Amino acid sequence: MIEIIQFPAKSGDSILIKVNSSYILVDGGYVSTYKNYIQEEIIKKNLSLELVICTHYDQDHIGGLIPLVNNYASIKKLWFNGFFQLFSTELSEHLNYAEKRKLNMEFGYISEDSTGESNISSGQGESLSIAINNKQYLSVNDEFSNQIVESSSNVIEFKDFSIDIISPNSEAIDKLREEWEKQLLNAISKKTKSCDPEILIAFENFQKIKSHESDINLTTTISFQTPSICEALNEIPNSVDDSIINRCSISFIMRSQAEIFLYLSDTDDEQIYNYLKKYDLDEFDGVKISHHGSSRNNWKWIEIIKSRTFFISTDGVKHYNHPSCAVIAKIIINNPGCKLIFNYEIPRIKRFLEINNKDYDYTYTFQNTQNLNTYELRRDNE
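Worth saying up front: this structure is predicted, and the values here are computed from it rather than measured.

1. Description of the overall build of the protein chain
Counting its secondary structure elements, the protein chain contains 13 helices and 19 strands. Over its C-alpha atoms the protein chain spans a radius of gyration of 20 Å, differing by no more than 12% from the 21 Å that the globule rule assigns to 382 residues. For the protein chain, the spread of C-alpha atoms along the three principal axes comes to 65 × 45 × 40 Å. Counting all 382 residues of the protein chain, 59% fall into the buried class. Looking at the protein chain alone, contacts between residues at least 24 apart form 73% of all its contacts between residues at least 6 apart. Total accessible area on the protein chain is roughly 15,900 Å²; 45% of this is exposed by carbon and sulfur atoms. Averaging the coordinates of the 38 positive side-chain charges in the protein chain and doing the same for the 54 negative ones gives two points 1 Å apart.

2. Looking at helix H13 (residues 347-356)
Taken together, the buried positions of H13 are Arg348, Ile349, Phe352, Leu353 and Asn356. Projected onto a plane normal to the axis of H13, the buried residues spread over an arc of 130° and lie on a single side. Buried positions along H13 lie against helix H9 (229-233), helix H12 (325-334), strand S17 (338-342) and strand S18 (362-366).

3. As for the sheet that holds strand S19 (residues 375-377)
In space, the seven strands of this open sheet follow the order S8-S5-S4-S3-S2-S1-S19, with mixed pairing throughout. Of all strands in the sheet, those with a lone pairing partner are strand S8 (139-140) and S19, marking the two edges. Inspection of the sheet shows strand S5 (residues 77-79) paired to S8 by two bridges, in the parallel sense. Within S8, the position partnered with Lys77 by the bridge is Ser139.

4. What to know about the sheet that holds strand S11 (residues 251-255)
Spatial ordering of the open sheet is given by S9-S10-S11-S12-S14-S16-S17-S18, a layout of eight strands whose pairing is mixed. Of all the strands in the sheet, just strand S9 (155-157) and S18 have a single pairing partner and so form its edges. On average, adjacent strands in this sheet sit at an angle of 20° to one another, irrespective of strand direction. In the sheet, strand S16 (residues 309-312) pairs with S17 via four bridges, with the strands oriented parallel. Among the inter-strand pairings, Ile312 is bridged to a residue of S17, identified as Phe342. Against the sheet, helix H11 (residues 269-278) contacts strand S10 (162-167), S11 and strand S12 (260-263), and its axis sits at roughly 130° relative to S10.

5. Quick word on the pattern of salt bridges
Between side chains of opposite charge, a pair can form as their charged atoms come close. Following the criterion strictly, the structure yields 19 salt bridges and no others. Measuring nitrogen to oxygen at the nearest pair gives 3.3 Å for the salt bridge that ties Glu270 to Lys300. Here Glu270, found in helix H11, pairs with Lys300, found in the loop between strand S14 (286-288) and strand S15 (306-307); they are 30 residues apart in sequence, far enough to count as distant. With a relative accessible area of 40%, Glu270 lands in the partly exposed category. Of the charged contacts in the structure, one is a salt bridge between Lys330 and Glu303, with a shortest N-O distance of 2.6 Å. Residue Lys330 is found in helix H12, and its partner Glu303 is found in the loop between S14 and S15; the two are separated by 27 residues along the sequence. Note on Lys330: relative accessible area 6%, which makes it buried.

6. Remarks on the side chain of Ser265
Here Ser265 lies in the loop between S12 and H11. A polar contact is formed between the side chain of Ser265 and the side chain of Thr55, at a distance of 2.9 Å. Residues contacting Ser265, with those up to four places away along its chain left out, are Asp13, Asp27, Thr55, His56, His61, Ser249, Ile250, Ser251, Lys288, Ile289, Ser290 and His291.

7. Some remarks on the confidence of the model for the protein chain
Averaged over all residues, the pLDDT of the protein chain equals 89, while 92% of them reach at least 70. This model gives residues 118-125 a pLDDT under 50, and the stretch forms 28 contacts once residues within four places in sequence are excluded.

8. Regarding empty space enclosed by the protein
Across all of its chains, the model carries one cavity of 30 Å³ or more by this definition. The computed volume of the largest cavity comes to approximately 80 Å³. Every residue lining the largest cavity is listed: Cys54, Thr55, His56, Tyr57, Phe80, Asn81, Leu86, Ile173, Leu176, Gln207 and Cys248. When grouped by side-chain class, the residues that make up the lining of the largest cavity number seven nonpolar, four polar and no charged.

9. Thoughts on the environment of Asp27
Relative to the assigned elements, Asp27 resides in the loop between strand S3 (22-26) and helix H1 (31-43). Taking the relative accessible area as the measure of exposure, Asp27 reaches 0% and is therefore buried. Separated by 271 residues in sequence, Asp27 and Asn298 have C-alpha atoms that sit 20 Å apart. Not counting chain neighbours up to four residues away, the residues in contact with Asp27 comprise Asp13, Ser14, Ile15, Ile53, Cys54, Thr55, His56, His61, Leu65, Tyr263 and Ser265.

Criteria and cut-off values
Residues numbered from 1 in each chain as written. Predicted model: local features only at pLDDT ≥ 70, side-chain atom pairs only at ≥ 80, totals over all residues. Heavy atoms only, no water. Helix = DSSP H or I, 4+ residues; strand = E, 2+ residues; numbered from the N terminus. Rg over C-alpha atoms; globule rule 2.2 N^0.38 Å. Buried < 20%, exposed > 50% of the residue type's maximum accessible area, 1.4 Å probe, protein only. Contact = heavy atoms within 4.5 Å. Areas by Shrake-Rupley, 256 points an atom, 1.4 Å probe, with all protein chains shown as cover. Lys, Arg positive; Asp, Glu negative; His and termini not counted. Charge placed at Lys NZ, Arg CZ, Asp CG, Glu CD. Arc of directions from axis to C-beta. Pairing = 2+ DSSP bridges. Axes fitted to C-alpha atoms, helices over the stretch in contact; angles between N-to-C directions. Salt bridge = Lys/Arg side-chain N within 4 Å of Asp/Glu carboxyl O. Polar contact = N/O pair within 3.5 Å; in protein donor to acceptor, adjacent residues only side chain to side chain. pLDDT = per-residue confidence, 0-100. 1 Å grid on protein atoms, 1.4 Å probe; cavity = no way out; pocket = protein on both sides within 12 Å on 5 of 7 lines; lining within 4 Å. Points joined across faces, edges and corners; volume = space filled by probe spheres on them. Nonpolar A, V, L, I, M, F, W, Y, C, P; charged D, E, K, R; others polar.

Shown next, in the form of structure tokens:
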């Protein structure tokens, strides 16, 4: 049996999955997610985490993982595509003072969640790569021969579950490497194999900055009138998500003995669609939709799958189009009788669902942020 808790992570993601006796944490939201929920549900209960997955370096996914890795020892395996996984390094090569100062100027970044709370400061030297490097007992990406978590036909087997990696593909990984090396050349006029802390922090902050820029550039049409399902479906996305950071996020399929769960991080629509078509995958017991319900990430793939349960993770505050009514409408049309599970009550989405519920067959639940629900994925008709 697969059981899921969606932590209230504001505009981000953090999900605890239980498969039989195994616990898997996917992303950590913001630091406030760690303080308010991860500490309570994982650390105080002393749960042994079979696997922690950092899907990518966006601030609303990584923030809570840094203090978790720094403070909690009960983590058996960790998957993430960090600096040491993506680049060869040379310990004897170091940056000079001027280069370090230039990197700090170019990639100094302080992230904030939707309340303005400062979470990660480059000046404090907080980095997931550094935190992991300080924990020698941690097993990192051991299941992947080239040490990079990427899409393939191989199934990764665990005691209670298995995982197929949907994304990132090798093309996206190569593009990320290329982008970083270009940024590094612009900043310090050279490529380097140094793994000084300044390089690690700059690489992570570069990805947070790029992700932030991608979000700012989104164009949305705000309608003050609640649309019908048919009207919402006419709002076809005018672009796709081409952010290299989102394209490099880890998405996967998890299988227990009976259930199948499709977890889509912030992956782009094209990668998801191509993978599902290539391997003829079309039925799931649960789906966590991509990028907080953005229509730029969730469109073509919705047409080719069926599921009874869909999870949407966002408070709807940071971006008006997260989640998109068009995406929800498309899910409802393609999956009669489905259940939509939100980790926050979002007023405009609640109105949309209430108004259309009399004409379409679906149910919906909004998470009580003070009393977290556990959702079971089932194949029966309960």
